[in-house]
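Spelled out from the first residue to the last, the chains are:
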Amino acid sequence: MRNRVTPAGEIVDIPLRGAWTGNRGVLHRGHEIVRFHGGDLWITCALAFKDRWREQWLPQRYTHLYFHDEAVSFAAGHRPCGECRRPAYTAYRDAWPGRPSAGAMNRRLHGERLVRGTHTRRLHDLSWAELPDGVFVLRGDHPELTVDGHLTEWTTAGYGRKQKLPRAGTVPVLTPPATIAVLRAGYPVQIDDSAR
């Protein structure tokens, strides 16, 4: 089904399993995705929480999305859910200067992930030296993850080839700057072992 999210935030139909679910509001009609987002609340949720279960594709209910790992969800512009992932949400919020409200984080992330008034992905040119583990960059058309001093390419089948991390210059970055600051402050982002 078309409910998997890429590091660029696209919603695609690929077989790659997700370690996390989440949502951006009601995006579907029937079993088809008809909208890119339904507001500025983009969250990453646990696959299981308090024995809750809800059928997917219910009319007028949020659309379940799936992420390969937390680094992918962060690159797409999501943040941890404050209900089902309370400790992660608290750690993420506490890494922001001033401990903002959820609404303030949502507004800032929304401004950093999309070009205002469009569905066009906003990229941020940053120095390689500024990038902690867990950040996605875009090289050509390929999203690549910074991890353990190298880059790992992300593909629709999972993580692929690895190469040395450049030391000089800048690169277009997918992960929003606010989340990069959270990672720099020590947030322990979950990265699939295959990327290491």
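Provided above is the structure to which this section pertains.
What you see is a predicted model, and the numbers here were worked out from it, not measured in a lab.

Asker: How should I be thinking about the packing of aromatic side chains in this particular structure?
Answerer: When we look at a pair of aromatic rings, we describe it by the centre distance and by the angle of the planes. Evaluation of the coordinates by the stated rule reveals 6 aromatic pairs. For the pair Phe-74 and Tyr-92, a centre-to-centre distance of 5.5 Å together with 50 degrees between the ring planes defines the contact as tilted. Pair noted here: Phe-74 is in helix 1 (residues 70-76) and Tyr-92 is in helix 2 (residues 86-94), with a separation of 18 residues, a long-range link. The burial state of Phe-74 is the same as that of Tyr-92; both residues are buried. Aromatic pair Phe-74 and Tyr-187: ring centres 5.5 Å apart, planes at 50 degrees, arrangement tilted. Of this pair, Phe-74 sits in helix 1 while Tyr-187 sits in the segment after helix 4 (177-184), placing them 113 residues apart in sequence. For Phe-74, a relative accessible area of 0% translates into the label buried. Three or more aromatic residues joined by ring pairs form one cluster here, namely Phe-74, Tyr-92, Trp-96 and Tyr-187. Sitting over the ring of Trp-42, Arg-24 keeps its end group 4.0 Å from the ring centre. Cation over ring: Arg-113 sits above Trp-42, and NZ or CZ is 3.9 Å from the ring centre.

Asker: Just checking my understanding: could you explain helix 2 for this structure?
Answerer: Every α-helix winds through 3.6 residues per turn, so residues three or four apart in the chain are directed the same way. Every buried residue belonging to helix 2 is among Ala-88, Tyr-89, Tyr-92 and Arg-93, and all of these are buried. Along the axis of helix 2, the buried positions cluster into a sector of 130 degrees, meaning they face one direction only. Summarising the contacts, the buried residues of helix 2 are in contact with helix 1, strand 8 (79-80), helix 3 (102-113) and helix 4.

Asker: Honestly, the packing of helix 2 against helix 3 in this entry has me stumped. Any pointers?
Answerer: A pair of packed helices can be characterised by two numbers: the angle between their axes and the separation between those axes. Interhelical geometry of helix 2 versus helix 3 gives an angle of 70 degrees and a closest axis separation of 11 Å. It follows from the interaxial angle that helix 2 and helix 3 lie roughly perpendicular. In the crossing of helix 2 with helix 3, the sense of the turn from one axis to the other is left-handed. Together, Tyr-89, Tyr-92 and Arg-93 of helix 2 and Ala-102, Met-105 and Leu-109 of helix 3 make up the contact between the two elements.

Asker: Is there a simple way to explain the environment of Cys-84 in this structure?
Answerer: Relative to the elements of secondary structure, Cys-84 occurs in the loop between strand 8 and helix 2. Using a relative accessible area of 18% as the deciding quantity, one classes Cys-84 as buried. In this structure the C-alpha to C-alpha distance between Cys-84 and Gly-111, which are 27 residues apart in sequence, comes to 25 Å.

Asker: Explain the pairing of strand 9 (residues 124-127) here, please?
Answerer: Along any regular strand the residues' side chains alternate between the sheet's two faces. Of the two faces of strand 9, only one is covered, namely that formed by His-124 and Leu-126; the face formed by Asp-125 and Ser-127 stays uncovered. In the sheet, strand 9 pairs with strand 14 (residues 170-173) via 4 bridges, with the strands oriented antiparallel. By the bridge assignment, Asp-125 is partnered in strand 14 with Pro-172.

Asker: Can you walk me through the environment of Arg-184 in this structure?
Answerer: Position of Arg-184 relative to the elements: it lies in helix 4. C-alpha separation for the pair Arg-184 and Pro-132, spaced 52 residues apart in sequence, amounts to 5.8 Å.

Asker: For this particular structure, what's the right way to read the side chain of Arg-79?
Answerer: By the element assignment, Arg-79 lies in strand 8. Ignoring anything within four residues of it in the chain, the contact list for Arg-79 reads Leu-41, Trp-42, Ile-43, Thr-44, Phe-74, Tyr-89, Tyr-92, Ala-102, Met-105, Asn-106 and Leu-109.

Asker: I keep staring at unusual backbone geometry and nothing clicks. Help me out?
Answerer: The phi torsion of most residues other than glycine is negative, and most of the peptide bonds are trans. In this model, Gln-60 sits at a positive phi of 60 degrees, which is unusual for a non-glycine residue. Of note, Asp-148 is a non-glycine position whose phi angle comes to about 50 degrees, a positive value. Relative to the helices and strands, Asp-148 is located in the loop between strand 11 (142-147) and strand 12 (150-155). Of the residues examined, Asp-148 reaches a relative accessible area of 45% and is grouped as partly exposed.

What counts, and where the lines are drawn
Residues numbered from 1 in each chain as written. Predicted model: local features only at pLDDT ≥ 70, side-chain atom pairs only at ≥ 80, totals over all residues. Heavy atoms only, no water. Phe/Tyr/Trp six-rings, centres within 6.5 Å; stacked < 30°, edge-to-face > 60°. Helix = DSSP H or I, 4+ residues; strand = E, 2+ residues; numbered from the N terminus. Buried < 20%, exposed > 50% of the residue type's maximum accessible area, 1.4 Å probe, protein only. Lys NZ or Arg CZ within 6 Å of the ring centre and 35° of its normal. Arc of directions from axis to C-beta. Contact = heavy atoms within 4.5 Å. Axes fitted to C-alpha atoms, helices over the stretch in contact; angles between N-to-C directions. Parallel < 35°, antiparallel > 145°, perpendicular 65-115°, else oblique. Left-handed = near helix turned anticlockwise from the far one by under 90°. Pairing = 2+ DSSP bridges.

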